[in-house]
Amino acid sequence: MDYIISDLRSHFSYAYMTSSGYIAICIMVVFFLIVGVLLPGRKTVDKICIAILFLYMFGVYSLTVLMRDSRYLDRSVVVVPFRWFTMWKETGKVTMAWLALENFIMLIIPGASLGYLFRRFGFIRRILSATLLMAFFSMTIEYTQFVLNIGVCELDDIICNTAGALVGAFLSLLVRDR
């Protein structure tokens, strides 16, 4: 738990906006426009859910892109799946496991929100739409971190984010429409 708190503190120690922040915000706006076009109906409850989703997603994007410093010397891409587990077993350090857990938890709420908003879709289309949209969002974050040289582009992050979104989409099935 201490690792999560120290990780959050390190994010807040950097400037809120860099010169490349404008590019990152533009990518985020395009993502939300795509989501807005895909939504089938808009009741008051849906509008509240959308507002909460957008605020939460902006928070996620701020922590993963906007509040990061250009602290990496080389751009790098790690395409080894489940590297966090291998590193944890080899070194005994739980840091990588905490990162994987953070990435998993990060997109549960948006996955559930989109699953709820796509409730008029059939079961499979509802789950797939929410999960794939969040997978695309995760890939957008990783791509932006790579291009702006503000983080390591990791396949593990995409896998854990997508798994969290999938769990969230399934959790949305528990919510009944009145």
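Residues numbered from 1 in each chain as written. Predicted model: local features only at pLDDT ≥ 70, side-chain atom pairs only at ≥ 80, totals over all residues. Heavy atoms only, no water.

## As for the overall build of the protein chain
Secondary structure assignment for the protein chain yields eight helices and two strands. Reading the protein chain from its N terminus to its C terminus gives the helix and strand order α-α-α-β-α-α-α-α-β-α. Looking at the protein chain as a whole, 42% of its 178 residues are labelled buried. Sequence separation of at least 24 residues holds for 82% of the intrachain contacts in the protein chain that already meet a minimum separation of 6. Just so you have it, the protein chain exposes about 10100 Å², and 71% of that area is on carbon and sulfur atoms. (Helix = DSSP H or I, 4+ residues; strand = E, 2+ residues; numbered from the N terminus. Buried < 20%, exposed > 50% of the residue type's maximum accessible area, 1.4 Å probe, protein only. Contact = heavy atoms within 4.5 Å. Areas by Shrake-Rupley, 256 points an atom, 1.4 Å probe, with all protein chains shown as cover.)

## Let's talk about the side chain of Thr140
With respect to the helices and strands, Thr140 occurs in helix 7 (residues 123-147). Judged by relative accessible area, which is 13%, Thr140 ranks as buried.

## Considering the packing of aromatic side chains
Applying the stated criterion to the full structure yields six aromatic pairs. Pairing Trp84 with Phe85 gives two aromatic rings, centres 5.7 Å apart and planes at 80 degrees, and the pair type is edge-to-face. Members of the aromatic cluster, connected to one another through ring pairs, are Trp84, Phe85 and Trp88. Looking at Lys89, its charged tip hangs above the ring of Trp88, at a distance of 5.2 Å from the centre. One residue, Arg119, lies across the ring of Tyr116, its end atom 4.3 Å from the ring centre. (Phe/Tyr/Trp six-rings, centres within 6.5 Å; stacked < 30°, edge-to-face > 60°. Lys NZ or Arg CZ within 6 Å of the ring centre and 35° of its normal.)

## What about the environment of Ala100?
Positionally, Ala100 belongs in helix 5 (residues 95-106). For Ala100, a relative accessible area of 8% gives the class buried.

Note that every value here comes from positions in space, so none of it alone points to a role or purpose.
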